[in-house]
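Residue-level listing of the chains:
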Amino acid sequence: MLMQSHMGFIHLLPALPDVWKDGEVKGLCAKGNFELDICWKDGILKSVTVLSKNGGNCELRYKEDKFVLKTIKNKSYTLNYVNGKFVQEN
């Protein structure tokens with residue numbers, strides 16, 4: 001599974017198959033009217049881009065880290081995953 005969206009947050013790569021070491025997916029739709037592009041390498045999240053179609057808070061989770069992104073309608077946000085933490089690019 002590449003994404004799970006429920007209970008007010010978006011869980012990234014919760015059950016990535018071991019054989020999918022590197023990859024990316026674009027255009028996943030999540031609750032809250034968010035669209036996500038996700039990239040991973042060696043089985044670890046590298047980056048996620050979130051397009052907010054409504055605005056509002058978007059809580060992302062990956063492994064033990066969580067990040068609340070305050071979004072504006074129709075704006076995209078890119079976060080990189082570096083040393084176990086989300087880092088916002090823009």
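Residues numbered from 1 in each chain as written. Predicted model: local features only at pLDDT ≥ 70, side-chain atom pairs only at ≥ 80, totals over all residues. Heavy atoms only, no water.

Peer 1: Lay out the sheet that holds strand S7 (residues 65-71) in plain terms, naming residues and giving numbers.
Peer 2: Reading across from one edge, S1-S2-S6-S7 is the order of the 4 strands in this open sheet, with mixed pairing throughout. Two strands in the sheet have a free side with no partner beyond their single neighbour: strand S1 (3-6) and S7. Across the sheet, the mean angle separating the axes of adjacent strands is 20° when strand polarity is ignored. Sheet analysis places strand S6 (residues 56-62) next to S7, joined by 7 bridges and oriented antiparallel. Considered in S7, the bridge of Cys58 is made with Leu69. (Pairing = 2+ DSSP bridges. Helix = DSSP H or I, 4+ residues; strand = E, 2+ residues; numbered from the N terminus. Axes fitted to C-alpha atoms, helices over the stretch in contact; angles between N-to-C directions.)

Peer 1: Describe unusual backbone geometry, listing the residues and the values that go with them.
Peer 2: The backbone of Asp42 sits at a positive phi, close to 55°, despite the residue not being glycine. Among the structural elements, Asp42 can be located in the loop between strand S4 (34-41) and strand S5 (44-52). The exposure class of Asp42 is exposed, given its relative accessible area of 57%. Residues other than glycine seldom take positive phi values, yet Lys63 does so here, at roughly 50°. (Buried < 20%, exposed > 50% of the residue type's maximum accessible area, 1.4 Å probe, protein only.)

Peer 1: Explain the pairing of strand S3 (residues 23-30) to me, and be specific about the residues and the numbers.
Peer 2: Across 6 bridges, the pairing between S3 and S4 is antiparallel. Note that in S4 the partner of Cys29 across the bridge is Glu35. As consecutive antiparallel partners, S3 and S4 are separated by 3 residues, and within that stretch Gly32 has a phi angle of approximately 95°, a positive value.

Peer 1: Lay out the side chain of Ser52 with the relevant residues and their values.
Peer 2: In this structure, Ser52 sits in strand S5. Classification of Ser52 as buried rests on a relative accessible area of 0%. Among the polar contacts made by the side chain of Ser52, one reaches the main-chain amide nitrogen of Gly55 at a distance of 2.8 Å. For Ser52, the side chain forms a polar contact with the side chain of Thr71, separated by 2.8 Å. Apart from the residues within four sequence positions on either side, Ser52 is in contact with Asn33, Phe34, Thr71, Ile72, Lys73, Asn74 and Lys75. (Polar contact = N/O pair within 3.5 Å; in protein donor to acceptor, adjacent residues only side chain to side chain. Contact = heavy atoms within 4.5 Å.)

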